[in-house]
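Each chain, written out:
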Amino acid sequence: MAVLVALGAFLMTLAGGWTAQRVTDRRHLVLGLAGGLMLGVVGLDLLPEALRAAGGEVFGVPAALLLFVAGFLLAHLVERLLAARQAAHGGEECAGRAPEVGLTAAAAMVGHSAMDGVAIGAAFQVGGGMGLAVALAVVAHDFADGFNTYTITSLYGNARRKAIAMLFADAAAPVVGAASTLFVTVPVRLLGGYLGLFGGVLLYLAAAEILPEAHHEHPARSTLLFTVGGAAFIWLVVGLAGAG
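Residues numbered from 1 in each chain as written. Predicted model: local features only at pLDDT ≥ 70, side-chain atom pairs only at ≥ 80, totals over all residues. Heavy atoms only, no water.

> Pulling in residues and values, what's your account of the packing of helix H1 (residues 2-22) against helix H6 (residues 160-180)?
The contact between H1 and H6 brings their axes to 7 Å, and the two run at 160°. Classed by the angle they form, the pair H1 and H6 counts as roughly antiparallel. Here H1 runs over H6; the crossing is right-handed. Every residue of H6 that contacts H1 at Ala2, Val3, Ala6, Leu7, Ala9, Phe10, Thr13, Leu14, Gly17, Trp18 and Gln21 is listed here: Arg160, Ile164, Leu167, Phe168, Asp170, Ala171, Ala172, Pro174, Val175, Ala178 and Ala179. A per-class count over the contact of H1 with H6 returns 17 nonpolar, 3 polar and 2 charged. (Axes fitted to C-alpha atoms, helices over the stretch in contact; angles between N-to-C directions. Helix = DSSP H or I, 4+ residues; strand = E, 2+ residues; numbered from the N terminus. Parallel < 35°, antiparallel > 145°, perpendicular 65-115°, else oblique. Left-handed = near helix turned anticlockwise from the far one by under 90°. Contact = heavy atoms within 4.5 Å. Nonpolar A, V, L, I, M, F, W, Y, C, P; charged D, E, K, R; others polar.)

Here it is, written out as structure tokens:
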């Protein structure tokens with residue numbers, strides 16, 4: 001059952017990536033929406049779940065928040081190192097961005113989607129009702145995952161075929177993750193720590209890269225509205241999942 005539900009996440013992820021491709025003539029709106037979706041996923045979905053699951057404190061601070069900060073700093077460090085390496089080798093960057101950063105970020109999205117599949121499988125191990133509730137949340141926000149995976153990969157100057165390849169990898173990841181729960185169980189604290197770390201990475205990409213790029217050439221009110229709308233959409237998804 002968990003694997004069948006994960007197939008819905010597969011289709012929803014592809015739908016998000018397809019949408020990102022079709023609206024390239026409104027790139028600033030695409031980026032504004034992606035930034036809002038990522039902000040909403042981090043603040044309204046990942047962090048609350050990480051705080052619930054990770055548990056414990058380190059020197060008076062919740063472990064999930066420490067990992068969140070570490071993820072933010074890690075993303076910044078990786079971007080700077082990759083950009084410096086490419087400049088040292090005389091490579092050309094796309095608008096000052098190293099394509100490897102986009103691929104690294106997309107790979108992190110793929111890893112996150114795999115953990116979504118694990119969450120579905122683990123929830124079905126607890127009970128059918130719990131499994132359906134988690135599945136609703138995962139399938140709904142996988143549209144945003146697909147949208148963001150394609151957008152991030154393309155934003156850093158990677159070829160369209162690479163963006164599509166990462167999109168399909170992201171779509172397949174929940175199915176693989178759900179299937180893995182037939183053989184192994186992931187400790188709750190480990191999953192919570194991962195969510196905190198990934199949340200920091202995602203927030204860095206949204207705040208330091210995607211949103212500034214969205215408003216650079218088109219500082220329009222419509223871009224801001226799309227950003228707010230993206231965050232509001234995730235709020236709606238989280239609320240509906242909680243009500244279910």
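> Which residues make up H6, and what values do they have?
Every α-helix carries 3.6 residues per turn, so stepping three or four residues along brings you back to the same face. Over its 21 residues, H6 runs 30 Å from end to end, which matches the ideal 30 Å to within 8%, given 1.5 Å per residue. At alanine 172, H6 shows its strongest bend, of approximately 30°, with the proline proline 174 following within four residues. Every buried residue of H6 is listed here: Ala163, Met166, Leu167, Asp170, Ala171, Ala173, Pro174, Val175, Gly177 and Ala178. (Expected span 1.5 Å × (residues − 1). Bend = angle between axes of the 7 residues up to and from the residue. Buried < 20%, exposed > 50% of the residue type's maximum accessible area, 1.4 Å probe, protein only.)

> For the side chain of aspartate 170, give the residues involved together with the corresponding values.
Counting through the fold element by element, aspartate 170 comes out in helix H6. For aspartate 170, which is buried and forms no salt bridge, the nearest opposite charge comes from arginine 160, at a distance of 16 Å. In this structure the side chain of aspartate 170 is engaged in a polar contact, spanning 2.4 Å, whose partner is the side chain of serine 113. Contact partners of aspartate 170, with chain neighbours within four places excluded, come to Thr13, Met109, Val110, Ser113, Asp145, Gly146 and Thr149. (Lys, Arg positive; Asp, Glu negative; His and termini not counted. Salt bridge = Lys/Arg side-chain N within 4 Å of Asp/Glu carboxyl O. Polar contact = N/O pair within 3.5 Å; in protein donor to acceptor, adjacent residues only side chain to side chain.)

> Tell me about the nonpolar core, and name the residues and values.
The tendency in soluble globular proteins is for nonpolar side chains to be buried as a group. Judged by nonpolar contacts, the single largest core of 36 residues is most densely connected at Met38, Ile152, Leu202, Leu205 and Ile210. Where this core is concerned, the elements lending two or more residues are helix H2 (27-54), helix H3 (63-88), helix H4 (99-126), helix H5 (128-155) and helix H7 (188-217). Looking at this core, the element that brings in the most residues is H2, giving 11 residues. The contacts of leucine 205, once residues within four sequence positions are left out, are Met38, Ala105, Ile152, Tyr156 and Ile210. Counting 10 residues, the second largest nonpolar core, distinct from the first, contains Ala6, Phe124, Val139 and Val175. (Core = buried A, V, L, I, M, F, W, Y, C linked by side-chain atoms within 4.5 Å.)

> Before we move on, can you summarise unusual backbone geometry with the specific residues and values?
For phenylalanine 59, which is not glycine, the phi torsion reads 55° and is therefore positive. The exposure class assigned to phenylalanine 59 is exposed, which follows from its relative accessible area of 85%.

> I'd love a proper account of the pattern of salt bridges, names of residues and values included.
All told, the structure shown has 1 salt bridge when counted by the stated rule. Salt-bridge contacts for arginine 52 lead to glutamate 49; the nearest nitrogen and oxygen are separated by 2.8 Å. Here glutamate 49 and arginine 52 lie together in helix H2, a separation of 3 residues that amounts to about one turn. Assessed through its relative accessible area of 61%, arginine 52 is described here as exposed.

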